[in-house]
There are 2 protein chains.
Amino acid sequence: MLRKDRIGAREVAEHAGCSVSAVSLVVNGKDSGRISAELRERVLAAVTELDYRPNRSARSLVTGDSGTICVVLPDPANPFFGDVLAGLGAAIGDGHTLALVLPTSGTDYDQRTVLRAYSLDSAGVVLISPGEPVLRGLVPRCPTIVVDGPGRTPALPRVDLDTVAAGELISDHLTGLGHRGFGYIGPKSDKPTFRTRRSAFLDRVAGADVVRTLDLPDWDPLAAAVTTAAVLPGWLDSGVTAVVCADDLLGYGVLTALDRLGRTGIAVVGMGDLPFSQLCRPALTSIDFGGRRAGESAGRSLLSWIDTGERPRRVRVPAKLIVRASSEKG
Amino acid sequence: MLRKDRIGAREVAEHAGCSVSAVSLVVNGKDSGRISAELRERVLAAVTELDYRPNRSARSLVTGDSGTICVVLPDPANPFFGDVLAGLGAAIGDGHTLALVLPTSGTDYDQRTVLRAYSLDSAGVVLISPGEPVLRGLVPRCPTIVVDGPGRTPALPRVDLDTVAAGELISDHLTGLGHRGFGYIGPKSDKPTFRTRRSAFLDRVAGADVVRTLDLPDWDPLAAAVTTAAVLPGWLDSGVTAVVCADDLLGYGVLTALDRLGRTGIAVVGMGDLPFSQLCRPALTSIDFGGRRAGESAGRSLLSWIDTGERPRRVRVPAKLIVRASSEKG
DNA sequence: CGTGCGGCGTCAAACGTTTGACGTCAAGCG
DNA sequence: CGCTTGACGTCAAACGTTTGACGCCGCACG
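Note that the structure is a prediction, hence the values are computed from the model and not measured. (Residues numbered from 1 in each chain as written. Chains lettered and ligands numbered in written order. Predicted model: local features only at pLDDT ≥ 70, side-chain atom pairs only at ≥ 80, totals over all residues.)

Peer 1: Please clarify how the overall build of chain A should be interpreted in this entry.
Peer 2: Looking only at helices and strands, one finds 12 helices and 12 strands in chain A. For 330 residues, the compact-globule estimate of 2.2 N^0.38 gives 20 Å, and the C-alpha radius of gyration of chain A, at 26 Å, exceeds that figure by more than 25%. Across the 330 residues in chain A, those meeting the buried criterion constitute 49%. (Helix = DSSP H or I, 4+ residues; strand = E, 2+ residues; numbered from the N terminus. Rg over C-alpha atoms; globule rule 2.2 N^0.38 Å. Buried ≥ 20, exposed ≤ 12 C-beta atoms within 10 Å, placed from the backbone.)

Peer 1: Looking at this structure, how should I read the pairing of strand β2 (residues 97-101) of chain B?
Peer 2: Consecutive side chains along a regular strand alternate between the two faces of the sheet. Residue and element names in this part refer to chain B. Most of β2 sits out of view: five of its five residues are buried. Residues T97, A99 and V101 point to one face of β2 and L98 and L100 to the other, with burial holding for every one of them. Bridging between strand β1 (residues 68-72) and β2 involves five bridges; their strand directions are parallel. Residue pairing in the sheet places V72 in a bridge with V101 of β2. Chirality of the crossover, the property in question, places the unit of β1, helix α5 (residues 79-92) and β2 among those that are right-handed. (Pairing = 2+ DSSP bridges. Right-handed = clockwise from strand over helix to strand, strands pointing away.)

Peer 1: Is there a simple way to explain the relation of the copies chain B and chain A in this structure?
Peer 2: In this arrangement, two copies of a chain are superimposed by a rotation about an axis accompanied by a shift along the axis. Superposing chain B onto chain A takes a rotation of 180 degrees combined with a translation of 0.2 Å along the rotation axis, leaving an RMSD of 0.2 Å. Both copies of the chain, as the preceding transformation shows, are related through a two-fold rotation axis. A high fraction, 98%, of the interface residues of chain B reappear at the interface in chain A, so the copies pair face to face through one surface. (Least-squares fit on C-alpha atoms with pLDDT ≥ 70 in both. Contact = placed C-beta atoms within 7 Å.)

Peer 1: Just checking my understanding: could you explain the nonpolar core for this structure?
Peer 2: One recurring pattern in soluble globular proteins is that nonpolar side chains are buried together. Membership of the largest hydrophobic core comes to 168 residues, with the highest contact counts inside it found for V71, V72 and V126 of chain A together with V71, V72 and V126 of chain B. Residues contacting V71 of chain A, with those up to four places away along its chain left out, are L85, L88, L98, A99, L100, V126 and I128 of chain A. (Core = buried A, V, L, I, M, F, W, Y, C linked by C-beta atoms within 7 Å.)

Peer 1: Teacher, can you tell me more about the UniProt feature "domain: HTH lacI-type" (unreviewed entry) in chain A here?
Peer 2: When the UniProt feature table is mapped to this numbering, "domain: HTH lacI-type" (unreviewed entry) covers residues 10-63 of chain A. Taken as a whole, residues 10-63 of chain A contains 69% helix and 0% strand, while its terminal C-alpha atoms sit 19 Å from one another. (UniProt positions renumbered as here; feature names shortened; annotations may be inferred.)

Peer 1: I keep staring at the packing of helix α2 (residues 20-27) of chain A against helix α3 (residues 37-50) of chain A and nothing clicks. Help me out?
Peer 2: The geometry of a pair of packed helices is captured by two quantities: the angle between their axes and the separation between those axes. Residues and elements named next belong to chain A. Taken N-terminus to C-terminus, the directions of α2 and α3 make an angle of 85 degrees; their axes are 10 Å apart at the nearest point. By the angle between their directions, the pair α2 and α3 is classed as roughly perpendicular. Packed against α2, whose contacting residues are A22, V23, V26 and V27, the element α3 presents L39, R40, V43, L44 and V47 at the interface. Among the residues forming the contact of α2 with α3, the class breakdown is eight nonpolar, no polar and one charged. (Axes fitted to C-alpha atoms, helices over the stretch in contact; angles between N-to-C directions. Parallel < 35°, antiparallel > 145°, perpendicular 65-115°, else oblique. Nonpolar A, V, L, I, M, F, W, Y, C, P; charged D, E, K, R; others polar.)

Peer 1: Explain the protein's contact with DNA strand D to me, please; I cannot follow it from the model alone.
Peer 2: The full set close to DNA strand D counts 28 residues, and A9, S21, S24 and N55 of chain A together with S36 of chain B are the nearest of them. Among the secondary structure elements, those contributing two or more residues to the surface near DNA strand D are α2 and α4 (56-63) of chain A together with α2 (20-27) and α4 (56-63) of chain B. A breakdown of the residues in the surface near DNA strand D according to their chemical character gives 14 nonpolar, 10 polar and four charged. (Near = placed C-beta within 6 Å.)

Peer 1: Explain helix α11 (residues 248-261) of chain A to me, please; I cannot follow it from the model alone.
Peer 2: One turn of the α-helix equals 3.6 residues, which is why residues spaced by three or four share an orientation. Residues and elements named next belong to chain A. Taking 1.5 Å of rise per residue, 14 residues should cover 20 Å, and α11 covers 20 Å from first to last C-alpha, within 8% of that figure. In terms of burial, α11 is a largely internal element, 10 of the 14 residues being buried. If you check which residues of α11 are buried, you get D248, L249, L250, G251, Y252, G253, V254, L255, A257 and L258. On its buried side, α11 packs onto β6 (181-187), α10 (221-237), β8 (242-245), β9 (267-271) and β10 (285-288). (Expected span 1.5 Å × (residues − 1).)

Written as structure tokens, this is what we have:
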């Protein structure tokens, strides 16, 4: 490869008539009291003229900091993780590079994946939606923040979605509307997020007249739609008037089934607030968990942790209930 | 930071009773004819026992190769890019790290962003959906592949979506169904992808009885739905019986508008095949561009380019038409 | 005039690898 | 026996920074 043309600090130094050290000091802003204003100018000029960019490997080697922030996530194709990623990217800026570590196969990661992240000598690591086993006994090797982690994990700073509030917002909204019979549909997942979504809502409506739940065996919205259509008539007969779903996709299935049944006046609420939810008819009431805000928050926290060495406090990103036509008094 | 406990090649060498060089040679598999099988064993044993991982910065510094594959993309929150990313991740494996470079603001990137990617000393770069100005006059500093790039850019190897085929598949499907009046809805974007989606379809149906087009001023599906609802009656009156949309989200808007209008028998086709499209009612016929396959392909090509030095040939990922209820004979 | 000091810079070691050049030793060959 | 050859390893330079330790110079102060 033709790599000899790369501009190094030496070229800049020659161009500015000074030593390599001086260049380094100026470039890193550690020149107070050691470099005259005039020399600083010359160096800066040379830097821009030659378009000098410090070799990151060399810098990392000596500082022991790769300037990399490493994000571990289950599945980039999932829009929620995409949101978080976008938020992280925005918060981090270009002082650091964003590295991605994905599960080698499938759509969920384990502790080995996290170790791969650590082996990159990252300045910081963000773990998005890790399962509980991922965190168990994990010894962080650098500032590490968990976004949307499982219930009890005080060991690491976290940015949490307010999954509990989600359940409360929904139940309050629905009971406020006069509903007394509830159905809940969600995957029978061991993922903590889904467990919490489920329990937060069910706990809150435990005293209602009727409560039905449907635990889906896997995460297949299409199959879910079929199952939903099968159980729904029974639910309605028994007095369910509001159906809450662990995900918008599931909500669409309910909407479809209701339409086919010709039933109206049944409230439907989803979670996740996919873009489509404002477009479908009826538009779907949903929870915006704030993935993007979570990403931004995690990015900021991590940066300040790296800079100041002060471990950030836990953050909870408020969930928002977006009320739409699917849960209006019919 | 407590970084003195890091295991280096020196520790391994001591442990195995040999020189650092030997360790390096063994670890990199360049030991044929220089290291005895027996020593190799000892080294390997020490490596696993001590859990030695070579310092990537040091390695990069001397080899000039960071082992990083850098992906530049407009917006991780967009599910299509997420798909590509997932494919890339799967193809690349863990021999390389995936770095992400995002636009500093907004949802589109420029050439400066790409230069940031190059300044990372990446082993390879993947440019996803770059605008034309991004590529103009760009001098690649390492193997670079363009995924879903603008029309004419022979300078760089590409993995193309078959946007043209998309238009053809759709028009053939619809004319086969007997349609003679067409409407097209898409953003009035300078993004080449959208231009091609538009022209590929319109060129193919140029001889039809009626052709209407709606160019949306920006990318706002909700506003689009309103505009669509406004123009649709006129279209239908003038003989449009099939509406094609540059995106599934737009298609949902059309579906909704038709429903509100009480009109039936109008075919609607979207592009992008979002997960919801199989769930909505009627399920939306759409084009699967194969983002994930494109990512995988790009990853493989790039890897082989890096390894063998042979510049890969251009690849075209076939588009698939997923026919659903929204475009069936009504 | 010596001494100290503050301002301005440079020196050179170190970071942890990789790799071409070079040893060493024993065996084989003429 | 001298020389080559091959098998097995090690040496040490180099990669491009960062940074603590030091030098130099001129001025103020005693």
